[in-house]
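Coordinate analysis (summary)
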Amino acid sequence: MKEIQIGKFTITRDFLLFLIANALLGITMAVESTSFANRLVEDLGFTMMQRASLEFPRELPGLLVVFITAALAFLGDVRTSAIANIFGGIGLFAFGLVPSGFWPVVATMMIFSMGQHVFLPLQSSISMTFAKEGSLGRRLGEIQSVNTIMMIIATGVLLFLYAVIDVPFVVTFTAGAIAMVLAGVVLFFMSPGSVSKTKRPRLIFRRKYLLFYFLSIALGARRQITFTFVTWLIVTIYDQPVTTVTTLVLITSIISVFLRPMLGIFIDKMGERFVLVFEASLLLLSCFGFAFARTLFSPVVALVIVSACFIIDNIFSIGAGMARTTYVRRLADNQEEVSGTLSLSISLDHIVTMSMPFFAALIWERNVDTGYIYVFLVGAVISAICILLANQIRIPQVSKKGS
């Protein structure tokens, strides 16, 4: 494998290209996380039920991802990842151009979501091929930090553009789309054989992964509650503009760039069970913050509490994802087994997460002013379930060798 000298450091060509692709995707993530909810409210006039109803088609690709990756298995992880990002970038570009209408939004978001969901398990699988034995979590944290650094830069630029120039959303979504397409192009330049020397299994469902599958479903349901409704809470109940959400994403990203590598090292040293229990406990507390801050405190203090919970929730949800990924790798007999298992887990958790936002929105809509309390209490219950499941994790004494 060709190596490149960068100052005192030596890095393989494929790892450098993978880092560049992840950095570009940081721009896409910045656009999506800061601007999606505000565009739906400010530009497209979506109601709560429309926003919640959007989650079913938006998450449908997550349910289908195991079949899509199986159909594309002959391409290998790298080529499939490249195609997924180019496809997703086209969808994001189209979303930024949609002038109005529920169904055009559905169509464009499904294309974008398809690219995202296909790439997600492959991103983790490819990342771990660059890790040495005993440093899986650390390597995941390092790669995600590169992604986060670019996300910080992009979010800072977006904050300036929104606050000073009042740039239209079409410009920002176009920039995010271009970055995603470029990430796909960069991935095409990686050597396909550098990731896997053998053909990737199309579908992995084994008894030893049952706990992982249940944990994936619970964490996915918990993540979906906050992903769909926290930003909506800030924008509608607290009546905050896009600059507030952008500022929170910027703060989260700055903290994450330092904390994610530490979380990775923490996973390697303390183990997945400890980390997942700890993080689920924090996410349980953040749900109570989302639910009761406005009832117990003044509007200003409540907004500060909700903002802090937003930051905690985003940082540690990603940490939980890292721990799940390394847990699979430690259980797997070989690297080729990992991506198939991760793809199946995404499909399984989407069986629940596709429908949950709709029913949660019904709860919220029954009482527009206080219905969100019950939504986040549901999130707290799911977090408690995550704690119970994570406590059951046991790692085999004989560790698996990395690729």
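This report concerns the structure included in the present document. (Residues numbered from 1 in each chain as written. Predicted model: local features only at pLDDT ≥ 70, side-chain atom pairs only at ≥ 80, totals over all residues. Heavy atoms only, no water.)

**Some points on the nonpolar core**
In terms of nonpolar packing, the biggest core is built from 121 residues, with V105, L233, W364 and F376 touching the most fellow members. A per-element tally of this core places helix α7 (residues 210–237) first, with 15 residues. For W364, the residues in contact, after removing those within four places along its chain, are M48, F229, W232, L233, T236, I237, G371, Y372 and V375. (Core = buried A, V, L, I, M, F, W, Y, C linked by side-chain atoms within 4.5 Å. Buried < 20%, exposed > 50% of the residue type's maximum accessible area, 1.4 Å probe, protein only. Helix = DSSP H or I, 4+ residues; strand = E, 2+ residues; numbered from the N terminus. Contact = heavy atoms within 4.5 Å.)

**Some words on the packing of aromatic side chains**
A full pass over the atoms with the stated rule returns 14 aromatic pairs. Ring geometry for F212 and Y213: centres 5.8 Å apart, planes at 55°, overall tilted. A residue is classified by how much of its surface remains accessible, and F212, at 0% relative accessible area, is buried. Joined through ring pairs, the aromatic side chains of Y209, F212, Y213 and Y327 make up one cluster. Between the NZ or CZ atom of R39 and the centre of the ring of F95, over which it lies, the distance is 5.2 Å. Geometry around F36 places R58 over its ring, the cationic atom sitting 4.5 Å from the centre. (Phe/Tyr/Trp six-rings, centres within 6.5 Å; stacked < 30°, edge-to-face > 60°. Lys NZ or Arg CZ within 6 Å of the ring centre and 35° of its normal.)

**A closer look at the pattern of salt bridges**
Side chains that differ in charge, positive against negative, can pair when their charged atoms come close. Here the structure, examined in full by the defined rule, presents six salt bridges. Across the pair E32 and R58 runs a salt bridge whose closest N-O atoms are separated by 2.6 Å. Of this pair, E32 sits in helix α1 (residues 13–43) while R58 is found in helix α2 (residues 48–71), placing the two residues 26 residues apart along the sequence. Since its relative accessible area comes to 12%, E32 is described here as buried. Connected through shared salt-bridge partners, D268, E272 and R330 make up one network. (Salt bridge = Lys/Arg side-chain N within 4 Å of Asp/Glu carboxyl O.)

**Observations regarding the layout of surface pockets**
Any empty space left between atoms is shown by rolling a water-sized probe over those atoms. By volume, the largest pocket amounts to about 300 Å³. If you trace the largest pocket, you find 14 residues lining it, with I11, F15, L19, R139 and E142 closest to the centre. Grouping the amino acids of the lining of the largest pocket by side-chain chemistry returns nine nonpolar, three polar and two charged. (1 Å grid on protein atoms, 1.4 Å probe; cavity = no way out; pocket = protein on both sides within 12 Å on 5 of 7 lines; lining within 4 Å. Points joined across faces, edges and corners; volume = space filled by probe spheres on them. Nonpolar A, V, L, I, M, F, W, Y, C, P; charged D, E, K, R; others polar.)

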